[in-house]
Amino acid sequence: AAKVLCEGLRIFAPTPPLNERQRKATLQLLLEQLASLATPKGQWFEHALGLLDALTEIRAFMLIFESKAPEEEEALLATLLAACLAAARADENDALQGRLAKLLADVFGEVDNFPKAILRTLLSELGPSSSPGGGVGRHRRVAARSSDLVRRVLAGIAHRNAAMSVNEHLIAELYPPATAAAPA
């Protein structure tokens, strides 16, 4: 079903004839299918890989920005990010890194006001990793894959609409305003 929807989006790009309910359902289905990328040995991985390439090519996730509700837009962006991070963590051969980074940079590059929760998620992937209870080497390799993806995405949006919003957030996090009054 996702391939058929993708082909329909390709045919009717840039304005597919979808009402609000159909647009939401289409995005949910496409996001569910992308989640298969987190299982490289799964039976649907090859289909999800082809879908990823097609969706990136036709910029299908720009449909997210047609949402009338900012909360819905943020939830869809968060779901897309979660699916891509999960895929990056599972990508032992780094075969997906470039594809995922292009998709996310294309989508996030169009965000006018970057949701703080998504920025926190992106930035948390850049932080130091630790693994409770062993498995440190494997855990670090997995964390490095998602961290590499985030670095590529941030580099990809450096000169796009989202850069200003990201920079403002980083400045606020790195240099918080003084909250305590100075002693008299």
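Data block above holds the structure.
Residues numbered from 1 in each chain as written. Predicted model: local features only at pLDDT ≥ 70, side-chain atom pairs only at ≥ 80, totals over all residues. Heavy atoms only, no water.

1. Observations concerning helix α3 (residues 45-58)
Phase 1 of the analysis: The terminal C-alpha atoms of α3, which comprises 14 residues, lie 20 Å apart, in line with the 20 Å expected from a rise of 1.5 Å per residue.
Phase 2 of the analysis: Restricting attention to buried positions, one finds in α3 the residues F45, A48, L49, L51, L52, A54, L55, T56 and I58.
Phase 3 of the analysis: Packing partners of the buried residues in α3 comprise α1 (2-12), α2 (20-34) and α5 (97-108).
Phase 4 of the analysis: Two residues or fewer after α3 comes R59, characterised by a positive phi angle close to 55 degrees. (Helix = DSSP H or I, 4+ residues; strand = E, 2+ residues; numbered from the N terminus. Expected span 1.5 Å × (residues − 1). Buried < 20%, exposed > 50% of the residue type's maximum accessible area, 1.4 Å probe, protein only. Contact = heavy atoms within 4.5 Å.)

2. What to know about the environment of A48
Phase 1 of the analysis: Residue placement: A48 occurs in helix α3.
Phase 2 of the analysis: A sequence separation of 18 residues divides A48 from L30, and the C-alpha atoms of the two residues are 9.2 Å apart.

3. Observations concerning the packing of aromatic side chains
Phase 1 of the analysis: Under the definition given, this model contains 1 aromatic pair.
Phase 2 of the analysis: Measuring from centroid to centroid gives 5.4 Å for F108 and F114, while their planes differ by 70 degrees, and the two rings are edge-to-face.
Phase 3 of the analysis: According to the relative accessible area criterion, F114 is buried, its value standing at 3%. (Phe/Tyr/Trp six-rings, centres within 6.5 Å; stacked < 30°, edge-to-face > 60°.)

4. Considering the pattern of salt bridges
Phase 1 of the analysis: Per the counting criterion, the structure on display carries 12 salt bridges.
Phase 2 of the analysis: We note a salt bridge from E7 to R10, for which the minimum N-O separation is 3.3 Å. Here the residue E7 and the residue R10 both occupy positions in helix α1, the gap between them amounting to 3 residues, near one helical turn.
Phase 3 of the analysis: Residue E110 is joined to R59 by a salt bridge in which the shortest nitrogen-to-oxygen separation is 3.7 Å. Linking E110 in the loop between α5 and α6 (116-124) with R59 in the loop between α3 and α4 (70-90), this pair joins segments that are 51 residues apart in sequence.
Phase 4 of the analysis: Residue E110 is classed as partly exposed on the basis of its relative accessible area, which comes to 29%.
Phase 5 of the analysis: Take R59: its relative accessible area is 35%, and that puts it in the partly exposed class. (Salt bridge = Lys/Arg side-chain N within 4 Å of Asp/Glu carboxyl O.)

5. Let's talk about a nonpolar patch on the surface
Phase 1 of the analysis: A cluster of nonpolar side chains, contributed by I171, L174 and Y175, occupies part of the molecular surface with about 380 Å² of accessible area.
Phase 2 of the analysis: Residue position: I171 is located in helix α8 (residues 162-174).
Phase 3 of the analysis: Overall, the relative accessible area of 51% leaves I171 in the exposed class. (Patch = residues over 30% accessible without salt bridge, like charges linked within 9 Å, V, L, I, M, F, W, Y side chains within 5 Å. Areas by Shrake-Rupley, 256 points an atom, 1.4 Å probe, with all protein chains shown as cover.)

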